[in-house]
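# Structural description and commentary
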Amino acid sequence: MTGSPLLQAETLGKRYPLPRAHPLAVRAEATALEGVSFTLEAGRTLGIVGESGSGKSTLARLVMALEAPSAGRVRFAGRDLHALPPDDLRAARRDFQMVFQDPYSSLDPRMPIGRTVAEPLEQLDHLSRAERRERAAAMLDAVGLNPTTDLDKVPHEFSGGQRQRIAIARALVTQPKLIVADEPVSALDVSVQAQVLNLMQDLQERFGLAYLFISHDLAVVDLVCDELIVLQHGRVVERGATDEVLRAPAEPYTRRLLEAVPRPLWQHAR
């Protein structure tokens, strides 16, 4: 790869204030992240793994500029996201989108999915309603749904796997360069997980996407990630190429995560 990374995290830290024991007490802080650094190139996938409470979702919120870091910086395409004026940050958001764990809770149950998928375009593009609907139809087709029959349906008419495809289509509609995927398949059955992961890889090749893929499941990240960072208590304890980390982990914590996977997929050919 040449040129600057698409995404850079520079010694990111995040602390949250704790409730005071009494009104005059000094307010203590809990550290959610400390000294986390990484780079992600365009078209690549970086996995962030760790147990619940390791800081994965906090990291996702910082990368998406939904929260400000207590220390460090997030650079996207060379720009410090948290230093951008509000209008510039709003314009930059078209280039990075997010897919959440639970597709049903992230979709308005009363809104037709054609409008749901097109909704990000209402703030980012001066497109007509017909043009937004056409873009939404193209994205539904890209994720394997039928725009002719599905645009006017509502979320409860779809299966869990189909709803996650809708969420992915919504993330794609602004033609982003980066998708932050926070546990995107953990709520799905294993067979459906494989279908969604294969779809994400196909979309990456088609659109040149970069993924920041957050998961607690090392078997899943083994299938999709080029590189891997392991978080424990908000700190990076191991990093490297996915194959190297999973097949020869240096840290006891990583080995414990591997042992928790029921069927070690890394022992089989991809």
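Fair warning: this is a prediction, and the values are worked out from it, not measured in the lab. (Residues numbered from 1 in each chain as written. Predicted model: local features only at pLDDT ≥ 70, side-chain atom pairs only at ≥ 80, totals over all residues. Heavy atoms only, no water.)

### Remarks on the overall build of the chain
Helix and strand content of the chain: ten helices and ten strands. In summary, the chain has a C-alpha radius of gyration of 19 Å against a globular reference of 18 Å for 270 residues, a match within 12%. If one aligns the C-alpha atoms of the chain with their principal axes, the spans along those axes are about 55 × 50 × 45 Å. By the burial criterion, 48% of the 270 residues in the chain qualify as buried. Long-range pairs, those at least 24 residues apart, make up 67% of the contacts in the chain with a sequence separation of at least 6. As presented, the chain carries roughly 13500 Å² of accessible surface, and 48% of it is formed by carbon and sulfur atoms. (Helix = DSSP H or I, 4+ residues; strand = E, 2+ residues; numbered from the N terminus. Rg over C-alpha atoms; globule rule 2.2 N^0.38 Å. Buried < 20%, exposed > 50% of the residue type's maximum accessible area, 1.4 Å probe, protein only. Contact = heavy atoms within 4.5 Å. Areas by Shrake-Rupley, 256 points an atom, 1.4 Å probe, with all protein chains shown as cover.)

### Brief notes about the layout of surface pockets
Approximately 430 Å³ is the volume found for the largest pocket. Met64, Gln97, Met98, Pro120 and Arg170 are the residues nearest the centre of the largest pocket, which is lined by 17 residues in total. Sorting the residues of the lining of the largest pocket by element identifies β6 (96-99), α3 (113-124) and α6 (160-172) as the ones contributing at least two each. When the residues that make up the lining of the largest pocket are grouped by side-chain class, the tally is ten nonpolar, three polar and four charged. (1 Å grid on protein atoms, 1.4 Å probe; cavity = no way out; pocket = protein on both sides within 12 Å on 5 of 7 lines; lining within 4 Å. Points joined across faces, edges and corners; volume = space filled by probe spheres on them. Nonpolar A, V, L, I, M, F, W, Y, C, P; charged D, E, K, R; others polar.)

### Examining the sheet that holds strand β10 (residues 235-241)
One open sheet holds the six strands; their spatial order is β6-β7-β8-β3-β9-β10, and the pairing between them is mixed. Every interior strand has two partners, whereas the edge strands, β6 and β10, have only one. Taken over all neighbouring pairs, the strand axes of this sheet differ in orientation by 15° on average, direction set aside. Examined bridge by bridge, strand β9 (residues 227-232) and β10 share six bridges and lie antiparallel to one another. Paired with Leu228 across the two strands is Gly240, which belongs to β10. Contacts between helix α10 (residues 252-259) and the sheet are confined to β9 and β10, with β9 contributing the most and set at about 105° to the helix. (Pairing = 2+ DSSP bridges. Axes fitted to C-alpha atoms, helices over the stretch in contact; angles between N-to-C directions.)

### Re the pattern of salt bridges
The full count for this structure, using the stated rule, is 14 salt bridges. Between Asp152 and Arg133 there is a salt bridge, with the nearest N and O atoms lying 3.1 Å from each other. With Asp152 in the loop between α5 (147-150) and α6 and Arg133 in helix α4 (residues 129-142), the pair connects residues that are 19 residues apart, well separated along the chain. Exposure remark for Asp152: the relative accessible area of 54% places this residue in the exposed category. By relative accessible area, Arg133 is classed as partly exposed at 39%. The network of salt bridges with shared partners includes Glu10, Arg73 and Arg75. (Salt bridge = Lys/Arg side-chain N within 4 Å of Asp/Glu carboxyl O.)

### Quick look at unusual backbone geometry
In the Ramachandran plot, Glu183 falls in the positive-phi region, its phi being about 50° despite a non-glycine side chain. Position of Glu183 among the secondary structure elements: in the loop between β7 (178-182) and α7 (190-207). Looking at Glu183, the relative accessible area reads 10%, which means it is buried. Phi is positive for His233, close to 50°, though the residue is something other than glycine. Here His233 is to be found in the loop between β9 and β10. Accessibility expressed as a relative area gives 56% for His233, which makes it exposed.

### As for the nonpolar core
One finds Val117, Val143, Ile168, Leu172, Leu203, Phe213 and Leu218 to be the most contacted residues of the largest nonpolar core, which totals 49 residues. Ranked by residue count, the leading element in this core is α7, at six residues. Excluding anything up to four places from it in sequence, Val143 contacts Arg165, Ile168, Ala169, Leu172, Leu199 and Leu203. By size, the runner-up hydrophobic cluster in this structure holds 31 residues, among which are Leu81, Met98, Ala210 and Leu231. (Core = buried A, V, L, I, M, F, W, Y, C linked by side-chain atoms within 4.5 Å.)

Such coordinate-based values are descriptive only and should not be taken to indicate function.
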